[in-house]
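One-letter residues, chain by chain:
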Amino acid sequence: MDALGSSLRRERWAYEPDGEQPIGGYLAVMVAYLGCVGVLTASARRARRPLPTPGPWDVLLTAGAVHRLSRLVAKDPVTSPVRLPFARFRGQAGPAELAEDVRGTGVRRAIGELVTCPFCAGLWISTGFTAGQALAPEVTRLVSAGLSALALSDLLHFARAGLQEAASR
């Protein structure tokens, strides 16, 4: 066991000598993710529902929903209480978005990176929507449509602001 521990520490040091990356925390988050996927898979099998065959429209609808919900989780001021234990407020990052630095070490830091990064949160959210399509397709489609509409609304807000700025020059 000692030899295995020494070998893992050497590999860890060879990967990143400064030790700033929370490798153990990342491992814990990966295990939690795989556990969630296992539970969702078992639930889908137990429900004996046929697996959906998503078409292009479903993929587009889900992509819009995942995009909007991941930004809501990772950047929105209203969801900052969720990120509070894992991040430090730096200021505004754009319209209705915050800039935050991840804080802590180990699992706390790994979770901080997950909840402050829309790309990182997107994997978890996409997995949830995929499971929803298998377990509760009607509700999932309704939620996806609402979030996709919100994402399109955001795009229209940005387009209008850009046009107003261009017109005022």
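Below is a short write-up of the structure.

## As for the pairing of strand S1 (residues 87-94)
Along any regular strand, the residues point their side chains to alternate faces of the sheet.
Then comes step 1: Sheet topology note: the S1/strand S2 (residues 97-102) ladder contains 6 bridges and is antiparallel. Bridging across to S2, Phe89 finds its partner in Glu100.
Then comes step 2: Between the end of S1 and the start of S2, which pair antiparallel, lie 2 residues, with Ala96 showing a positive phi angle near 60°.

## Brief notes about the nonpolar core
Then comes step 1: Grouped together as the largest cluster of nonpolar side chains are 6 residues: Ala65, Val66, Ala121, Ile125, Phe129 and Leu147.
Then comes step 2: Looking at this core, the elements that each hand over two or more residues are helix H3 (56-75) and helix H6 (118-135).
Then comes step 3: By residue number, the principal contributor to this core is H6, which donates 3 residues.

## Let's talk about the side chain of Ser144
Then comes step 1: In this fold, Ser144 is placed in helix H7 (residues 137-167).
Then comes step 2: Judged by relative accessible area, which is 2%, Ser144 ranks as buried.
Then comes step 3: Among all residues touching Ser144, those that are not within four sequence positions of it are Leu61, Ala65 and Phe129.

## Some remarks on the pattern of salt bridges
Then comes step 1: In the structure shown here, the tally under the stated rule is 8 salt bridges.
Then comes step 2: The closest approach of N and O atoms between Arg141 and Asp58, which form a salt bridge, is 2.1 Å. Placement of Arg141 in helix H7 and of Asp58 in helix H3 is noted, with a sequence separation of 83 residues between them.
Then comes step 3: Relative accessible area serves as the criterion here: at 43%, Arg141 is assigned to the partly exposed category.
Then comes step 4: Among the ionic pairs, Arg109 bridges to Glu113, the shortest N-O distance being 3.5 Å. Placement of both Arg109 and Glu113 in helix H5 (residues 106-116) is noted, with a separation of 4 residues, approximately one turn of the helix.
Then comes step 5: The class of Arg109 is partly exposed, set by a relative accessible area of 26%.

## A short note on the packing of aromatic side chains
Then comes step 1: Applying the stated rule across the entire model yields 1 aromatic pair.
Then comes step 2: Here the aromatic rings of Tyr33 and Trp124 are separated by 5.2 Å at their centres, their planes lie at 70°, and the arrangement is edge-to-face. Of this pair, Tyr33 sits in helix H2 (residues 23-47) while Trp124 sits in helix H6, and the two are 91 residues apart along the sequence.

## Description of H2
Then comes step 1: For H2, built from 25 residues, the straight-helix expectation of 36 Å at 1.5 Å per residue is met to within 8% by its first-to-last C-alpha distance of 36 Å.
Then comes step 2: For H2, the set of buried residues is Gly25, Val29, Tyr33 and Ala44.
Then comes step 3: Tucked inside the fold, the buried residues of H2 contact H5 and H6.
Then comes step 4: Positive backbone phi, approximately 55°, marks Arg48, located one or two places after H2.

## What about the packing of H3 against H7?
Then comes step 1: For the pair H3 and H7, the least separation of the axes is 7 Å and the interaxial angle reads 65°. Here H3 is positioned roughly perpendicular relative to H7, judged by the angle of their axes. H3 and H7 meet at a crossing whose hand is left-handed. Across the interface between the two elements, Trp57, Asp58, Leu60, Leu61, Gly64, Ala65, His67, Arg68 and Leu69 of H3 pack against Arg141, Ser144, Ala145, Leu147, Ser148, Leu150, Ala151 and Asp154 of H7.
Then comes step 2: Of the residues assigned to the contact of H3 with H7, the class counts are 9 nonpolar, 4 polar and 4 charged.

## Considering a nonpolar patch on the surface
Then comes step 1: A cluster of nonpolar side chains, Met1, Leu4 and Leu8, forms an exposed patch at the surface whose accessible area comes to about 390 Å².
Then comes step 2: Examined against the element boundaries, Leu8 turns out to sit in helix H1 (residues 2-15).
Then comes step 3: By relative accessible area, which is 53% here, Leu8 ends up exposed.

Rules behind the numbers
Residues numbered from 1 in each chain as written. Predicted model: local features only at pLDDT ≥ 70, side-chain atom pairs only at ≥ 80, totals over all residues. Heavy atoms only, no water. Pairing = 2+ DSSP bridges. Helix = DSSP H or I, 4+ residues; strand = E, 2+ residues; numbered from the N terminus. Core = buried A, V, L, I, M, F, W, Y, C linked by side-chain atoms within 4.5 Å. Buried < 20%, exposed > 50% of the residue type's maximum accessible area, 1.4 Å probe, protein only. Contact = heavy atoms within 4.5 Å. Salt bridge = Lys/Arg side-chain N within 4 Å of Asp/Glu carboxyl O. Phe/Tyr/Trp six-rings, centres within 6.5 Å; stacked < 30°, edge-to-face > 60°. Expected span 1.5 Å × (residues − 1). Axes fitted to C-alpha atoms, helices over the stretch in contact; angles between N-to-C directions. Parallel < 35°, antiparallel > 145°, perpendicular 65-115°, else oblique. Left-handed = near helix turned anticlockwise from the far one by under 90°. Nonpolar A, V, L, I, M, F, W, Y, C, P; charged D, E, K, R; others polar. Patch = residues over 30% accessible without salt bridge, like charges linked within 9 Å, V, L, I, M, F, W, Y side chains within 5 Å. Areas by Shrake-Rupley, 256 points an atom, 1.4 Å probe, with all protein chains shown as cover.

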